[in-house]
Amino acid sequence: MTVESTTERVLRVLALLQSRPSWTAVELAEELGVTDRSVRRDVDRLRALGYPVRATPGVGGGYQLGAGTRLPPLLLHDDEAIATAVSLRLASGSTIAGAAEAALRALAKLDQVMPPRLREEVRAIYGATETVVGAGTEIDADTLLALARACRDATRVRFRYTTRHEVDDERTVEPVRMVAAGQRWYLMAWDVDRNDWRTFRLDRMRDVAPTTWRFRPRQHPDPVAYVQRSVTESPYRYIARIRLRADADQVRDMVPPQVGRVEDDEDGWCVLVVGADDPDWVVMHVARMGFEAVVLEPPELRAAADRLATRLAAIASRSDR
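Residues numbered from 1 in each chain as written. Predicted model: local features only at pLDDT ≥ 70, side-chain atom pairs only at ≥ 80, totals over all residues. Heavy atoms only, no water.

(A) Structural detail: the overall build of the protein. The helix and strand inventory of the protein stands at eleven helices and eleven strands. The buried share of the protein, reckoned over its 321 residues, is 37%. Surface summary for the protein: the accessible area is close to 19300 Å², and the carbon and sulfur share equals 51%. (Helix = DSSP H or I, 4+ residues; strand = E, 2+ residues; numbered from the N terminus. Buried < 20%, exposed > 50% of the residue type's maximum accessible area, 1.4 Å probe, protein only. Areas by Shrake-Rupley, 256 points an atom, 1.4 Å probe, with all protein chains shown as cover.)

Have a look at this one:
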């Protein structure tokens, strides 16, 4: 018996144990075409590799793959691998906290070892499937996967990017982390040409092409905090800071993370920070929230509040004759 054939048989034993709750030694021996003694040796080899294989003695006993202290590697048949990959692609758009990024990491691992023929089947299924999405922009799954690999492997990525001012240019970046905020995906990366950290919306990326250039990871800001600050402040003319008499978590439930951020304050107050090009828009939405509010900055926001108060007072004082 060669080492290759022994290893192949051990993997077959593992696959059988994962396919149903329990197997007797006789059933495994018949399935594999070996003796009961060979089955026992293969089970011992699996245990040595960290798989918790339990043995129950007696007539109705057998072998069962149990739960260990850590998740061992899984063996998937072709149809199982396809179903898993498709499910992970769909889960990459999940709104459940942490589920989207975890699905991408798992998908990157699975796609790395998946045979080309199965990878093509997954793409065919995904390409023929439509999902009902929210208000956000749908992101190409291959883009998500390519960026997830680049973040994992610390490799540079090139792509075409359209800014909010409709400027289209080519970027070369060293990606750190993708962040899902509301219904949008963002990439935090070091922009090689601009020599600074940048945030990129994935729906504005085109022709994403990972390179073979590996980079040494830099010290970087917290990705979630950096992305939130970038999308709520950097692109706008005005940065409004408004103090609200309300619980911070209550305000966070009302303000999406890609719109504004909420800072804890004291004595039952919190501070809402939101960027905007139109102060009137900010004042209108803050007024609709229904909390006692104090404008901290900028002065243009106070002027906008005065204008809104004047308009509302005029409306309230008029009567329909």
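(B) Quick peek at unusual backbone geometry. Following Glu 297, the chain continues into Pro 298 via a peptide bond in cis, with omega recorded as 5°. The backbone of Asp 207 sits at a positive phi, close to 55°, despite the residue not being glycine. Take Asp 207: it is sitting in strand E7 (residues 205–214). In this structure, Asp 267 takes a positive phi of about 55° despite not being glycine. Along the chain, Asp 267 falls in the loop between strand E9 (260–264) and strand E10 (270–276). On the basis of relative accessibility, which here comes to 66%, the residue Asp 267 falls in the exposed class.

(C) Expanded view of the sheet that holds E9. The strand order across the open sheet formed by four strands is E9-E10-E8-E11, and the pairing between neighbours is antiparallel. Each having just a single partner strand, E9 and strand E11 (293–297) make up the two edges of the open sheet. Taken pair by pair, the neighbouring strands of this sheet meet at an average axis angle of 25°, ignoring direction. Strand direction decides the pairing type here: strand E8 (residues 238–244) and E11, joined by four bridges, are antiparallel. For Ile 242, the partnering residue across the bridge sits in E11 and is Val 295. Packed onto the sheet, helix H8 (residues 223–232) meets E8, E9 and E10 and runs at close to 120° relative to E9. (Pairing = 2+ DSSP bridges. Axes fitted to C-alpha atoms, helices over the stretch in contact; angles between N-to-C directions. Contact = heavy atoms within 4.5 Å.)

(D) A look at the environment of Asp 277. Structurally, Asp 277 can be placed in the loop between E10 and helix H10 (279–289). For Asp 277, a relative accessible area of 42% puts it in the partly exposed group. Distance from Asp 277 to Arg 237, taken between C-alpha atoms, is 5.0 Å for residues 40 residues apart in sequence. Of the polar contacts made by the side chain of Asp 277, one reaches the backbone nitrogen of Arg 237; its length is 2.9 Å. (Polar contact = N/O pair within 3.5 Å; in protein donor to acceptor, adjacent residues only side chain to side chain.)

(E) Molecular detail of the confidence of the model for the protein. The predicted model of the protein averages 80 in pLDDT, with 82% of residues at 70 or higher. Per-element confidence in the protein is highest for strand E3 (residues 155–162), whose mean pLDDT is 94, and lowest for helix H5 (residues 99–113), whose mean pLDDT is 68. (pLDDT = per-residue confidence, 0-100.)

(F) Structural detail: H10. When H10 is considered as a whole, its buried residues turn out to be Pro 279, Val 282, Val 283, Val 286 and Met 289. Considered in projection along H10, the buried side chains sweep an arc of 120° and stay on one side of the axis. On its buried face, H10 is in contact with E8, helix H9 (248–254), E10, E11 and helix H11 (299–317). Its side-chain oxygen placed 3.1 Å from the backbone nitrogen of Asp 280, Asp 278 serves as the N-cap of H10. Where H10 ends, the next residue or the one after it, Gly 290, has phi of about 85°, a positive value. (Arc of directions from axis to C-beta.)

(G) Expanded view of the packing of H10 against H11. Where H10 contacts H11, the axes come no closer than 8 Å and their chain directions differ by 65°. As for the relative orientation of H10 and H11, their crossing is right-handed in sense. The residues of H11 that touch H10, namely those facing Pro 279, Asp 280, Val 282, Val 283, Met 284 and Ala 287, are Glu 300, Leu 301, Ala 304, Ala 305, Arg 307 and Leu 308. (Left-handed = near helix turned anticlockwise from the far one by under 90°.)

(H) Region of interest: the sheet that holds strand E6 (residues 196–201). Strand order across the open sheet formed by five strands is E6-E5-E4-E3-E7, with antiparallel pairing between neighbours. Two strands close off the open sheet at either side, each with one partner strand: E6 and E7. Between one strand axis and the next, the sheet turns by 45° as a mean value, whatever way the strands run. Bridge analysis of E3 against strand E4 (residues 168–181) gives six bridges, and the strand direction is antiparallel. Bridging from a neighbouring strand, Arg 158 pairs with Thr 172 of E4. Running over the sheet, H8 touches E4, strand E5 (184–191) and E6 and is turned about 70° from E6.

(I) Region of interest: the pairing of E8. Of the two faces of E8, only one is covered, namely that formed by Tyr 238, Ala 240, Ile 242 and Leu 244; the face formed by Ile 239, Arg 241 and Arg 243 stays uncovered. Bridge count for E8 against E10 is seven bridges, and the pairing is antiparallel. Directly across from Arg 243, in E10, lies its bridge partner Val 271.

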